[in-house]
Amino acid sequence: MSIFNLSVKSYNELPEEQDAYIFGLFSDQGIPSEFKESHPNLAQQIELALDNGEFKAKLNQTLVLYSANCKIAKRFIAIGLGDSSKYTADFLRQVSATAAKNIIDLKITALTIEFMGEKYLNIEDAQALAEGLVLGSYRFLNYKKSEDEYTGIETVTVLSDSDIAPALNYGMSVSAGVALARDLGNHPSNIATPTYLADTAETIAKTGNMKLTVYEREDFEKMGFGGVQGVAQGSDVPPKFIIMEYMGGGDDAKTLGLVGKGLTFDSGGISIKPSAGMDEMKFDMLGGAAVLGIMSVVADIKPNLNIIAVVPATENMNGGEAYKPGDILTAYNGKTIEILNTDAEGRLILADGLAYITDKFELDGLVDFATLTGAVVVALGHRYSGIMTNNQDFADQLITVGEKSQDRVWQMPLDDEYAEDIKSKIADIKNTGAGREAGTIAAGAFLREFVKEGTAWCHVDIAGSGWLKKGRPYHPEGPTGAGVRLIMELIKSWE
Ligand code: BES
Ligand code: MG
Ligand code: ZN
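In this text, all values refer to a predicted model and were calculated from it rather than measured experimentally. (Residues numbered from 1 in each chain as written. Chains lettered and ligands numbered in written order. Predicted model: local features only at pLDDT ≥ 70, side-chain atom pairs only at ≥ 80, totals over all residues. Heavy atoms only, no water.)

Side note on the coordination of the magnesium ion (ligand 2)
Then, in step 1: Coordination sphere of the magnesium ion (ligand 2), protein contribution only: Asp266 (OD), Asp343 (O), Asp343 (OD) and Glu345 (OE), at 2.0 to 2.2 Å.
Then, in step 2: Classification of the site at the magnesium ion (ligand 2) rests on its 6 donor atoms, whose angles at the metal span 70 to 167°, yielding the label irregular.
Then, in step 3: Here the donor residues for the magnesium ion (ligand 2) map to a single chain with the spacing D-x76-D-x1-E.
Then, in step 4: Residue classification places Asp343 among the partly exposed residues on the basis of a relative accessible area of 22%. (Donors = N, O, S within 2.8 Å, 3.2 Å for Na, K, Ca; no water. Tetrahedral: all angles 85-135°; square planar, octahedral: opposite > 155°, others 65-115°. Buried < 20%, exposed > 50% of the residue type's maximum accessible area, 1.4 Å probe, protein only.)

Details of the side chain of Asp125
Then, in step 1: Turning to its location among the elements, Asp125 is positioned in helix 4 (residues 123–136).
Then, in step 2: Among buried Asp, Glu, Lys and Arg side chains, Asp125 stands out as unpaired, with Arg93 the closest opposite charge at 8.5 Å.
Then, in step 3: Engagement of the side chain of Asp125 in a polar contact is seen with the side chain of Tyr87, the distance being 2.8 Å.
Then, in step 4: Once residues within four sequence positions are removed from consideration, Asp125 is found in contact with Tyr87, Ala89 and Leu92. (Helix = DSSP H or I, 4+ residues; strand = E, 2+ residues; numbered from the N terminus. Lys, Arg positive; Asp, Glu negative; His and termini not counted. Salt bridge = Lys/Arg side-chain N within 4 Å of Asp/Glu carboxyl O. Polar contact = N/O pair within 3.5 Å; in protein donor to acceptor, adjacent residues only side chain to side chain. Contact = heavy atoms within 4.5 Å.)

Looking at the packing of aromatic side chains
Then, in step 1: Within this structure, the stated rule accounts for 17 aromatic pairs.
Then, in step 2: Between Phe283 and Trp467, the ring centres sit 4.9 Å apart and the planes meet at 40°, which makes this aromatic pair tilted. With Phe283 in the loop between strand 10 (262–266) and helix 9 (286–301) and Trp467 in strand 19 (residues 467–468), this residue pair connects regions lying 184 residues apart in the sequence. Of the two residues, Phe283 and Trp467, neither departs from the other in class, the shared state being buried.
Then, in step 3: One aromatic cluster in this structure is built from Tyr215, Phe220, Phe225, Phe241, Tyr332 and Tyr356. (Phe/Tyr/Trp six-rings, centres within 6.5 Å; stacked < 30°, edge-to-face > 60°.)

Observations regarding the sheet that holds strand 6 (residues 155–159)
Then, in step 1: Taken in spatial order, the 6 strands of this open sheet run 1-6-5-2-4-3, and their pairing is mixed. Edge positions in the open sheet fall to strand 1 (5–9) and strand 3 (62–65), since each of these has one partner strand only. Across the sheet, the axes of successive neighbouring strands diverge by a mean angle of 25°, strand direction being ignored.
Then, in step 2: Here strand 3 runs beside strand 4 (residues 76–82); their pairing, made up of 4 bridges, is antiparallel. (Pairing = 2+ DSSP bridges. Axes fitted to C-alpha atoms, helices over the stretch in contact; angles between N-to-C directions.)

With respect to the domain arrangement of the protein
Then, in step 1: What the domain assignment lists for the protein is domain 1 (5–159) and domain 2 (176–494).
Then, in step 2: For domain 1 and domain 2, the distance between their C-alpha centres works out to 38 Å.
Then, in step 3: Every contact between the two is made by 16 residues of domain 1 and, on the other side, 18 residues of domain 2.
Then, in step 4: Together, the buried faces of domain 1 and domain 2 total about 1,400 Å²; carbon and sulfur atoms form 59% of this surface.
Then, in step 5: Ranking the residues of domain 1 by area buried against domain 2 places Leu135, Tyr138 and Tyr143 at the top, with a combined share of 43%.
Then, in step 6: Taken together, domain 1 and domain 2 are joined by 0 salt bridges.
Then, in step 7: Along the contact surface separating domain 1 from domain 2 lie 7 residue pairs in polar contact (both at pLDDT 80 or more).
Then, in step 8: Mapped by element, the contributors of at least two residues to the side of domain 1 that touches domain 2 are helix 3 (89–105) and helix 4.
Then, in step 9: For the side of domain 1 that touches domain 2, the leading source of residues is helix 3, giving 6 residues.
Then, in step 10: Residue classes in the side of domain 1 that touches domain 2 are distributed as 5 nonpolar, 6 polar and 5 charged. (Domains from an automatic or database assignment. Buried area = accessible area lost by both parts, 1.4 Å probe. Nonpolar A, V, L, I, M, F, W, Y, C, P; charged D, E, K, R; others polar.)

Following this line, the structure appears as structure tokens:
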């Protein structure tokens, strides 16, 4: 992952001969008069394109222009900002991502950005702009040999007369966390093993002054981690139970708990998955990746509160000792679980994570992230994560910060009666629900059994939002890093 140099300059500080000059235009406002005065030639070209309808300044629409007598830059790229009445900061996140992608396609290393002819970008816009640049220029090239010497964007200059540098830097830091989560997802399961996740946690813990504890397979029995132990039995790759403690707020500050599913490869186990698309199950650790991404931003910006993170990490495989349908496991809180499908493994490792974190820590809120159910993809597609809760106020907070960050969540019901769907005849509960009905909610109802009474908790199912087959402006195809921007916005609102 490479992140460029970002600086803010005022209009009169800009040297001539920039590689590329990006500017945004609303579809309903024409060309700003200032621009017309300073770049008459370019303005004329854009006017022509607008008049004949080839360029309408629709959101993310681009027009590359060259002008012999404009000394400011070698090329100008006009990008549509869409309808000004619909404008939100996310438009800017998208448009700056589109800008970054265009620059990469042109193999240019430096760009200058001006948006809407505005001299004063507000803080929220500036953060979104930085996020769009980093997230839109994200590429994962670690395993592909290339003759190409071009290595991506190196310098970005944002034109503004206001003090937006802190907001830009904050946006850069948050998106670096998103990029880390994406990288962890993109690495294949033979590289991004549970040990790799634990090593990543160690690096983060060192920079962020966090306490790190990692439990190994040998510890699971005495710790009572029967869920992770059961799932890990079928794999020779060492599982890890990772705990990070960030105490940035001291004793009186609020404490946030995070749990992430770190399932580095889900074959389905004995209830094996079909082979088509099974490669995508390297992404089954994206919940854990989101948590590590968040902790890496925390290590960087050091917020004024306490955060505990738990990532149970293992493969779900079919080795000789693999757990089997009909087996009964005992989770950390003593509840017994009848296994009816070894492919419903995520909830088993999360059970230990949730029970452990709520037993050991006094939390003001707990969020878990998991690529948990295929059913959530059917329900919500790839745009929203599905959330379930035992505390409506806490869910409302997540919905609000989801809108704000555009890392969106949609709530599903979790009434007590859903507990019926997970009743087992011979154990406390079973790991499947009512057949094909409400599969996402059954998983939520299952997890609720492991959250200690009184802890406000939200479960976030990112099986749909976690990765994309078709990219969007600031989400290239592949892992999105869902959850990182969401929780960073929550942390901001808690500080
Ligand atoms: N990791 C999968 C969920 C998943 C499926 C994520 C497709 C993304 C895309 C999870 O472990 C799983 O297999 N869930 C089962 C549960 C079922 C057996 C009750 C599912 O959703 O089919
Ligand atoms: Mg599974
Ligand atoms: Zn899974």
